[in-house]
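As a plain string of letters, each chain reads:
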Number of protein chains: 2
Amino acid sequence: MVDNVTSVNLEKLVSLCKRRGFIFQSSEIYGGLASTWDYGPLGVELKRNLKESWWRTIVWSRDDMVGLDSAILMHPTTWAASGHLQSFSDPLVECKDCHQRWREDQLDKPCCPDCNGNLTDSRNFNLMFKTFMGPVEEAASTVYLRPETAQGIFVNFNNVVSTTRKKLPFGIAQIGKAFRNEITTGNFIFRTREFEMMEIEYFVKPGDDEDQHQRWIDLFVNWYVSIGLNKDRIRVRVHDTNELSHYSKATHDIEYHFPWGWGEIQGIANRTDYDLKAHSKASGESLTYYDADTNEHITPYVIEPSAGVDRAVMALLVDSYTEEDAPTASGGSETRTLLKLNHNLAPVKVAILPLSRKENVSSMARDIHHMLRVSNAINGFIQYDDRQSIGRRYRRQDEIGTPLCITVDFESLEDDSVTIRDRDTMKQERVAIKDLSSKLGNRLMIQH
Amino acid sequence: MVDNVTSVNLEKLVSLCKRRGFIFQSSEIYGGLASTWDYGPLGVELKRNLKESWWRTIVWSRDDMVGLDSAILMHPTTWAASGHLQSFSDPLVECKDCHQRWREDQLDKPCCPDCNGNLTDSRNFNLMFKTFMGPVEEAASTVYLRPETAQGIFVNFNNVVSTTRKKLPFGIAQIGKAFRNEITTGNFIFRTREFEMMEIEYFVKPGDDEDQHQRWIDLFVNWYVSIGLNKDRIRVRVHDTNELSHYSKATHDIEYHFPWGWGEIQGIANRTDYDLKAHSKASGESLTYYDADTNEHITPYVIEPSAGVDRAVMALLVDSYTEEDAPTASGGSETRTLLKLNHNLAPVKVAILPLSRKENVSSMARDIHHMLRVSNAINGFIQYDDRQSIGRRYRRQDEIGTPLCITVDFESLEDDSVTIRDRDTMKQERVAIKDLSSKLGNRLMIQH
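From a predicted model like this one, the values you see are computed outputs, not experimental measurements.

Here is what the cut-offs are and how they apply
Residues numbered from 1 in each chain as written. Chains lettered and ligands numbered in written order. Predicted model: local features only at pLDDT ≥ 70, side-chain atom pairs only at ≥ 80, totals over all residues. Heavy atoms only, no water. Contact = heavy atoms within 4.5 Å. Buried area = accessible area lost by both parts, 1.4 Å probe. Polar contact = N/O pair within 3.5 Å; in protein donor to acceptor, adjacent residues only side chain to side chain. Helix = DSSP H or I, 4+ residues; strand = E, 2+ residues; numbered from the N terminus. Nonpolar A, V, L, I, M, F, W, Y, C, P; charged D, E, K, R; others polar. Phe/Tyr/Trp six-rings, centres within 6.5 Å; stacked < 30°, edge-to-face > 60°. Buried < 20%, exposed > 50% of the residue type's maximum accessible area, 1.4 Å probe, protein only. Lys NZ or Arg CZ within 6 Å of the ring centre and 35° of its normal. Axes fitted to C-alpha atoms, helices over the stretch in contact; angles between N-to-C directions. Parallel < 35°, antiparallel > 145°, perpendicular 65-115°, else oblique. Left-handed = near helix turned anticlockwise from the far one by under 90°. pLDDT = per-residue confidence, 0-100. Pairing = 2+ DSSP bridges. Core = buried A, V, L, I, M, F, W, Y, C linked by side-chain atoms within 4.5 Å.

## Some words on the interface of chain B and chain A
Reports of interface size often rely on the accessible area that becomes lost once the parts have come together.
Here is step 1 of the chain: Taken together, the contact between chain B and chain A spans 94 residues of the former and 94 residues of the latter.
Here is step 2 of the chain: Surface buried jointly by chain B and chain A totals about 7900 Å² across both partners, of which 55% is contributed by carbon and sulfur atoms.
Here is step 3 of the chain: Ranking the residues of chain B by area buried against chain A places Ile29(B), Tyr30(B) and Trp60(B) at the top, with a combined share of 11%.
Here is step 4 of the chain: Counting across the interface, chain B meets chain A through 40 residue pairs in polar contact (both at pLDDT 80 or more).
Here is step 5 of the chain: No other element matches the 10 residues that helix α2 (residues 41-60) of chain B contributes to the side of chain B that touches chain A.
Here is step 6 of the chain: The residue inventory of the side of chain B that touches chain A, partitioned by class, reads 38 nonpolar, 27 polar and 29 charged.

See below:
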């Protein structure tokens, strides 16, 4: 499937992300904090655009979905009822000599990888971060940072049903942070302890669950292609019975082919009625749905498409990173680096590049910049750059994935027109300034 | 200033928020978790619209601002350097009899408010939540949930300057969660332990700081009015010297008149060069700006406009809640409850209300619903409601602040037209379906 695709070098990508302001190591001036990352001025726009695209597709353009935004800190009984306190753990061993700790299931020999020392028996290490709420540090005040946003949806099931009066099948969507105290992290923003999720709990009649499961798998494979991922680098992998989570009847992962191999970007699980029943039992509240057709109260089954925002960003960066030969002004050729990001997702939509810093050209370019910033034609971030040669400026914009560059030149002063240059084809088009706003709007919306 | 404005009853508002799906008590089925709240299907849309409006105004429509999204978990030295580990605390006393704990500065008599018992001497209680990162719970692995997003901006100062090459004055904007382990919480979503912030750190030349401080105060007073708050319920309060934070030279609060009195919705502090210098000292990294005009490296001063998202939502709900007399169909009058939310912020932009559930009317209404959902004319959530009388449906939409309702009737089948009904004036306008999308777009954009 991926034979014909050359993988980007991960180090080059991480370097571009830091150099151009996509992603920085968190707390870098203090040596960083293991596997936490900050999104810089371009990264935050890319991530915002991605989440916005998801919300439009999943919530606004459907009539069977509503959104939710539940708190990160939840009542601790939630995690007892959901099974996370008991089961959300990794097997941990400690070296008796150097006291380093390791995940037993990731060791390929029964002694310490660092010093060859003997290891203790394994114990289960819970992956939830804990903290203390209120002015006392004791067991009674322990709360957890949620390891998934899903439980905030389940405990609000009755609230959502009674306020929206949705009929089955319907779903609740949520975007938010989650935290897992992973023993092993890595691969840039792929596996981190703090991350953002885009989750859906889709409630269906028992019996409809397998069909609905397949529909969500198909929908999301198509969605990832629609936002720009190469379909040859996407596959669906079915979980073996022995790797299923404690709540799952069946889980399919949508995987992307990263530079280090296949990695999950979205899980789509059939959680059955596990969670609603578990919370009903623990809370004493009936979490059921009244089916007017059969005059019965039923516990719906749940299909859960659960995606990592940071992993999708990572896949988009890997997938859009391109190096190609391009002609130089002097007739030679050079390597051009570009991010072929979908127009909807590109962090900078348009760059304004005056060909001269002379006052009259500069002033016209600034006026155009101002006009576009306050207009609604461009739904995003616009950059102004007048430093160095136009060739270098094009390369900088290519490298951050800006779809369209506008150059303002001395002729512009005469003909009230500017040139639009396309990132991918490098073709140029002369456009009257009075038509610029609608022209840009149309060209940027091509990939809607 | 507020004599002519009647305050909404807080209980009524909380009840509306729960009943209609704006805000639910978090983990309600487990008895709730003190002062944490979940945003329901309407609340999440209102909050998203508010944040989107802020980002457009602050980042996209200006050329001196860029965004950032830094991690909640930061290197712990950050909080030592910033002064939070030493100074971010409240004075706590404990009752020697019943062992309840209280904030000393909020007691009006020197004995326990619950049992009149004697109190201990006060000690400083740090408001940062702490947790442990990695597989060992010990001091060395202690990290904190950030109590403000600001420090994520300061520690990235060099990264942002080198990747964006911004010149002074410029600012960095960030929206994200923060956590404070408050001893006393309350007033619905006004004071909670988990909350969302919209923060700006605006870097200026020392000496320009007082002017710039005033500009941001003026800008945000106007912004709150522009998103719909009554200017008679807004005031600016200057902090006394003895209430200034440890980093501040001057702080002005923008306050809103809530049902319980004036409360801060935004602080605008002059943080001077305190933070950049403190992090320079602690990290050994020079956090300075090279001023090409004077050929000097300077440490900028910082103006910090810092707003609470949840407090702005609270102010919007309080401000837009309206009860008024309205005529009934039978010629009498009744009390109409409505949220007069700004069109940009309303959680539901448009509701489609077929006047009959007969197949032909229903089918036309569903087609219109589908057409509007996938069109770009309406930038938001659209509802379909065909339950109960049209009068009741209008009341439901008024109560959640939907600016425009579309009714589809039997005549629509003949004339291919529908009726648009305005929330505030209740006036109706007949519109051809072919013009509907652009008509709605125009009417919703009036308040852009």
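## Points about the packing of aromatic side chains
Here is step 1 of the chain: As enumerated under the stated definition, the model contains 30 aromatic pairs over all chains in all.
Here is step 2 of the chain: Considering the side-chain rings of Phe220(B) and Trp223(B), the 6.0 Å spacing of their centres and the 85 degrees angle between planes classify their relative orientation as edge-to-face. Taken together, the residues span about one helical turn, with Phe220(B) and Trp223(B) both in helix α7 (residues 209-226) at a distance of 3 residues. Considered together, Phe220(B) and Trp223(B) belong to a single accessibility category, that of buried residues.
Here is step 3 of the chain: Three or more aromatic residues joined by ring pairs make a cluster, and in this case those are Tyr202(A), Trp216(A), Phe220(A), Trp223(A) and Tyr224(A).
Here is step 4 of the chain: One cation-aromatic arrangement involves Arg366(B) over Tyr384(B); the distance from NZ or CZ to the ring centre is 3.8 Å.
Here is step 5 of the chain: Lying across the ring of Tyr394(B), Arg421(B) places its NZ or CZ 4.2 Å from the centre.

## Some words on the packing of α2(B) against helix α9 (residues 309-320) of chain B
Describing two packed helices takes the angle between their axes plus the distance from one axis to the other.
Residue and element names in this part refer to chain B.
Here is step 1 of the chain: As a packed pair, α2 and α9 sit with axes 10 Å apart at the nearest point and diverge in direction by 110 degrees. Relative to α9, α2 is oriented roughly perpendicular. In this structure, α2 meets α9 at a crossing whose hand is right-handed. On α9, the residues that touch Leu46, Lys47, Leu50 and Lys51 of α2 are Val309, Asp310, Ala312, Val313, Leu316 and Leu317.
Here is step 2 of the chain: In terms of residue class, the contact of α2 with α9 is made up of 7 nonpolar, no polar and 3 charged.

## Observations regarding the side chain of Glu199(B)
Residue and element names in this part refer to chain B.
Here is step 1 of the chain: Relative to the helices and strands, Glu199 is located in strand β10 (residues 194-204).
Here is step 2 of the chain: For Glu199, the side chain forms a polar contact with the main-chain nitrogen of Ala150, separated by 2.7 Å.
Here is step 3 of the chain: When sequence neighbours within four positions are dropped, the list of residues in contact with Glu199 reads Trp54, Glu148, Thr149, Ala150, Ile153, Ile172, Ala173, Gln174, Glu304, Pro305 and Ser306.

## Examining the confidence of the model for chain A
Here is step 1 of the chain: Here chain A averages 93 in pLDDT, while 98% of its residues score no lower than 70.
Here is step 2 of the chain: Predicted complex, confidence summary: ipTM 0.95, pTM 0.95.

## Some remarks on the sheet that holds strand β13 (residues 261-272) of chain A
Residue and element names in this part refer to chain A.
Here is step 1 of the chain: Spatially, β3-β9-β10-β16-β13-β12-β11 is the arrangement adopted by the 7 strands of the open sheet, whose pairing is mixed. Strand pairing shows two members of the sheet lacking a second neighbour, β3 (65-67) and β11 (234-238), which therefore form its edges. Taken pair by pair, the neighbouring strands of this sheet meet at an average axis angle of 25 degrees, ignoring direction.
Here is step 2 of the chain: Relative to β13, strand β12 (residues 250-258) runs antiparallel, the two sharing 9 bridges. Residue pairing for β13: Thr251 is matched across the bridge by Ala269.
Here is step 3 of the chain: Sheet contacts for helix α9 (residues 309-320): β10 (194-204), β12, β13 and β16 (301-308); angle to β12, the most-contacted strand, approximately 35 degrees.

## Points about the sheet that holds strand β5 (residues 101-103) of chain A
All names here are of chain A.
Here is step 1 of the chain: Here we have 3 strands laid out as an open sheet, ordered β5-β4-β6, and antiparallel in their pairing. In this open sheet, the two strands that pair with only one neighbour each are β5 and β6 (123-126). Strand-to-strand twist of the sheet, defined as the mean angle between neighbouring strand axes without regard to direction, takes the value 50 degrees.
Here is step 2 of the chain: Here strand β4 (residues 89-94) pairs with β5 via 3 bridges, running antiparallel.

## Regarding the nonpolar core
Here is step 1 of the chain: In terms of nonpolar packing, the biggest core is built from 178 residues, with Tyr224(A) and Tyr224(B) touching the most fellow members.
Here is step 2 of the chain: Setting aside residues no more than four positions away along its own chain, Tyr224(B) makes contact with Leu229(B), Ile234(B), Ile254(B), Ile265(B), Gln266(B), Ala307(B) and Ala312(B).

## Observations regarding the pairing of strand β13 (residues 261-272) of chain B
For a regular strand, side-chain orientation follows a simple rule: the groups alternate between the two sheet faces.
All names here are of chain B.
Here is step 1 of the chain: Within β13, 10 of the 12 residues are buried, which leaves the element mostly enclosed by the surrounding structure.
Here is step 2 of the chain: In this antiparallel pair of consecutive strands, strand β12 (residues 250-258) and β13, the connection spans 2 residues.
Here is step 3 of the chain: For β13 and strand β16 (residues 301-308), the ladder comprises 6 bridges, and the chain directions are antiparallel. For Ala269, the partnering residue across the bridge sits in β16 and is Glu304.

## A short note on unusual backbone geometry
All names here are of chain A.
Here is step 1 of the chain: The linkage connecting Leu168 with the following residue, Pro169, adopts the cis geometry, with an omega of -10 degrees.
Here is step 2 of the chain: Inspection of the secondary structure puts Pro169 in the loop between α6 (157-164) and β9 (170-179).
Here is step 3 of the chain: The phi dihedral of Asn295 is positive, around 60 degrees, even though this residue is not glycine.
Here is step 4 of the chain: You can see Asn295 is positioned in the loop between β14 (289-291) and β15 (296-298).

## As for the pairing of strand β17 (residues 321-327) of chain A
Residue and element names in this part refer to chain A.
Here is step 1 of the chain: For β17 and strand β18 (residues 333-339), the ladder comprises 7 bridges, and the chain directions are antiparallel. Bridging from a neighbouring strand, Glu324 pairs with Arg336 of β18.
Here is step 2 of the chain: As consecutive antiparallel partners, β17 and β18 are separated by 5 residues, and within that stretch Gly331 has a phi angle of approximately 95 degrees, a positive value.

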